[in-house]
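Notes for the structure review
Residue-level listing of the chains:
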Amino acid sequence: MRPLRYSINVTLDGCCDHRAMEGSEEMHRRAAETLARADGLLFGRVIYQMMESAWRPSAQTDEIVDQTDPFAVTIDAAKKYVVSSTLDRVDWNAELLRGDLGTAVTQLKQEPGKGLLTGGMMLPLALAELGLIDEYEFVVHPRLAGRGPTVFAGLSKHVDLKLVDRQEYASGAVALRYEPRS
């Protein structure tokens, strides 16, 4: 069974708006490594469309993915599963997931492979409620945003976690990986 991993960047005060943090080569490299640990990306509509607009090569200009950016190369090639009741179709190596979320994700997890990766806010909240996330990674950036959305706002029950890995970066960011306590 392949694990479902969740990864998100947050500020010290818990803001998870990507615009509240500065990107860097170091963080893009780290994100590419995180993507490479999975053979499928599980996105909600908002994250799928955000990633597609930022990282998909433009078909109209025949733009080629920047081969020097490991994140761009990795996300462009990745298989994507999109949970949406409003999209009629997806492409960019993507497949729409319809029907019961728990059943669909459980079926994906039962397929052989390295794992699935999800991010964002709404879909991971629903996945956490269903107990389907096997690993949580928070990349905490040394910044106070003082505003913005926070992760898992509205979670109906506690999810107790145990720290399984910690990695510090030159920028002062710290990646903390947790697994649910049994």
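Residues numbered from 1 in each chain as written. Predicted model: local features only at pLDDT ≥ 70, side-chain atom pairs only at ≥ 80, totals over all residues. Heavy atoms only, no water.

Burial of strand β2 (residues 40-44) is extensive: five of the five residues sit out of reach of the surface. Alternating residues of β2 divide into Gly40, Leu42 and Gly44 and Leu41 and Phe43, and every residue in both groups is buried. Relative to strand β5 (residues 116-118), β2 is paired through three bridges, and the arrangement is parallel. From the neighbouring strand, leucine 42 faces β5, where its bridge partner is threonine 118. Across four bridges, β2 lies against strand β3 (residues 80-83) in parallel orientation. The partner of phenylalanine 43 across the bridge, within β3, is valine 82. (Buried < 20%, exposed > 50% of the residue type's maximum accessible area, 1.4 Å probe, protein only. Helix = DSSP H or I, 4+ residues; strand = E, 2+ residues; numbered from the N terminus. Pairing = 2+ DSSP bridges.)

Let us look at helix α4 (residues 101-110). Every buried residue of α4 is listed here: Leu101, Gly102, Ala104, Val105, Leu108 and Lys109. Along the axis of α4, the buried residues cluster in a sector spanning 165°; they form a single face. For α4, the secondary structure elements touched by its buried residues are β1 (4-11), β2, β3, β4 (94-97), β5 and α5 (122-129). The N-capping residue of α4, defined by a side-chain oxygen 3.3 Å from the backbone nitrogen of glycine 102, is aspartate 100. (Arc of directions from axis to C-beta. Contact = heavy atoms within 4.5 Å. Polar contact = N/O pair within 3.5 Å; in protein donor to acceptor, adjacent residues only side chain to side chain.)

On to the pattern of salt bridges, then. For the structure on display, the rule yields 17 salt bridges. Between glutamate 135 and arginine 37 there is a salt bridge whose closest N-O contact spans 3.3 Å. Here arginine 37 lies in the loop between α1 (25-36) and β2 and glutamate 135 lies in strand β6 (residues 135-141), a separation of 98 residues in the sequence. The partly exposed category is assigned to arginine 37, whose relative accessible area is 31%. In this structure, the salt-bridge partner of glutamate 135 is arginine 177, at a minimum N-O distance of 2.8 Å. (Salt bridge = Lys/Arg side-chain N within 4 Å of Asp/Glu carboxyl O.)

Turning next to unusual backbone geometry. Even without glycine at this site, asparagine 93 takes up a positive phi of about 60°. Structurally, the position occupied by asparagine 93 is in the loop between β3 and β4. Phi angles above zero are rare outside glycine, and phenylalanine 152 is one such case at about 60°.

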